[in-house]
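# Summary of the model geometry
Chain residues, written in single-letter form:
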Amino acid sequence: IIMMNKIKKLNNHFIICGYGRMGAVIAGELVEQNIPFIVIEKNEQKAEQIRELGMYCINGDATLDDTLVSASIENAKGIAVALNTDQDNLFVTMTIRSLNSDAFLLSRCAKNQNKSKLIRSGANKVINPYIAGGHRMVEMLLHPEITDSVSVTTPNNENLDLNIDEISINKIPSYVGKTIKETKIRDMYDLIIVCVIKSDKNSFVNPSSDYIINEGDTIMVIGDKDKLDKFLSDQVI
């Protein structure tokens, strides 16, 4: 009862539907980053284990409206739907979208042919767990403005954790009309714009520092993961 009262008071939190391998990775990273979230898990034993780990967990069926409502779905900021079957993920995605039209909704998809169905059902992004893991799902959940992302880690240098992120300039209106040099992205964040993709899909690889950024551009930025995270939290809407 105490836990349910705390859940009712949550706002701008995240919800994970399903605590399989992917759900567990997402939960682990959210704990590490001290971000409030609730897990919805149907299996009673698993739900008990999740609570023992100190996480909020509702033991219930995510396909039911009542379960979602009990997780304060209408106040959630982002939701990861990571159930076992595409059919369940599709149904839950549709239900969530009818209860919360604003939250960023990320869904797991095992078969690529179901991706478009999930998007039509209301998912903002769809991830195939066999192509991208739980860590990638967390990145997209926490940074919806990233249109795509690649992580580069090298086995010989564990300190090197480079990411390449595609970011829409519409999310950084202060950059419109500025040259790359004027954005000070390199001086302030130690990041490099390696490519600019125009709205007509033409691209400029390794643009000069005098390139003027336009509305509708997408920039590909490379740099250390932590510095990219800092940049995104500082600059992006």
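Let us look at the structure shown here. Keep in mind that this is a model prediction, so the values were computed, not measured.

Criteria and thresholds
- Residues numbered from 1 in each chain as written.
- Predicted model: local features only at pLDDT ≥ 70, side-chain atom pairs only at ≥ 80, totals over all residues.
- Heavy atoms only, no water.
- Helix = DSSP H or I, 4+ residues; strand = E, 2+ residues; numbered from the N terminus.
- Buried < 20%, exposed > 50% of the residue type's maximum accessible area, 1.4 Å probe, protein only.
- Contact = heavy atoms within 4.5 Å.
- Salt bridge = Lys/Arg side-chain N within 4 Å of Asp/Glu carboxyl O.
- Phe/Tyr/Trp six-rings, centres within 6.5 Å; stacked < 30°, edge-to-face > 60°.
- Polar contact = N/O pair within 3.5 Å; in protein donor to acceptor, adjacent residues only side chain to side chain.
- Pairing = 2+ DSSP bridges.
- Axes fitted to C-alpha atoms, helices over the stretch in contact; angles between N-to-C directions.

Right, let's talk about the overall build of the protein chain for a bit. Counting secondary structure elements, the protein chain contains ten helices and eleven strands. In the protein chain, buried positions account for 47% of the 237 residues. Across the protein chain, contacts joining residues at least 24 apart in sequence account for 58% of those joining residues at least 6 apart.

Here we take up the pattern of salt bridges. Taken as a whole, this structure holds five salt bridges when the rule is applied. Across the pair K198 and D217 runs a salt bridge, and its minimum N-O distance is 3.1 Å. Residue K198 is located in the loop between β9 (192-197) and β10 (203-205), and its partner D217 is located in the loop between β10 and β11 (218-224); the two are separated by 19 residues in the primary sequence. For D217, a relative accessible area of 1% corresponds to the buried category. Linking K230 and D234 is a salt bridge whose minimum nitrogen-to-oxygen distance equals 2.7 Å. On the criterion of helical spacing, the pair formed by K230 and D234 is a turn pair, its members being four residues apart in helix α10 (residues 225-235).

Under the counting rule described, the total for this entry stands at three aromatic pairs. Look at F204 and Y211: their rings are 5.6 Å apart centre to centre, the planes differ by 45°, and that puts the pair in the tilted class. Linked through ring pairs, Y175, Y189 and F231 together constitute an aromatic cluster.

So, about the side chain of D61. Positionally, D61 belongs in the loop between β3 (56-59) and α4 (65-70). A polar contact of 2.7 Å, which involves the side chain of D61, links it to the side chain of T63. Excluding residues that lie within four positions of it along the chain, D61 makes contacts with K42 and T67.

One non-glycine residue with positive phi stands out, namely N12, at about 60°. Locating N12 in the fold gives a position in the loop between α1 (2-9) and β1 (14-17). With phi around 60°, N34 is a residue other than glycine that occupies positive phi space. Examined against the element boundaries, N34 turns out to sit in the loop between α2 (21-32) and β2 (37-41).

The next point concerns the pairing of strand β4 (residues 78-81). Side-chain alternation along β4 places G78 and A80 on one buried face and I79 and V81 on a second face that is also buried. With four bridges joining them, β1 and β4 adopt parallel strand pairing. The partner of F14 across the bridge, within β4, is G78. Pairing of β4 with strand β5 (residues 104-108), which is carried by four bridges, proceeds in the parallel orientation. If you follow G78 over to β5, its bridge partner there is F104.

Another point: the sheet that holds β1. Taken together, six strands build an open sheet; the order of strands is β3-β2-β1-β4-β5-β6 and the sheet is parallel. Each edge of the open sheet is held by one strand with a lone partner, namely β3 and β6 (125-127). Neighbouring strand axes in the sheet, compared pairwise and without regard to direction, differ in orientation by 15° on average. The strands that helix α3 (residues 44-52) touches are β2 and β3; relative to β3, the one it contacts most, it runs at about 165°.

Our next topic: α3. Of the residues that open α3, the one with a side-chain oxygen 2.9 Å from the backbone nitrogen of Q45 is N43. Just beyond α3, the residue with positive phi is G54, at close to 90°.

Bringing the environment of N124 into the picture now. If you trace the backbone, N124 turns up in the loop between α6 (115-120) and β6. The exposure class assigned to N124 is partly exposed, which follows from its relative accessible area of 36%. For the pair N124 and F104, spaced 20 residues apart in sequence, the C-alpha separation works out to 6.3 Å. Excluding residues within four positions of it along the chain, N124 makes contact with R97, A103, F104, L105 and I119. Here R97 takes part through its side chain, which lies 2.8 Å from a polar atom of the side chain of N124. Polar contacts involving the side chain of N124 include one to the main-chain amide nitrogen of L105, which spans 2.7 Å.

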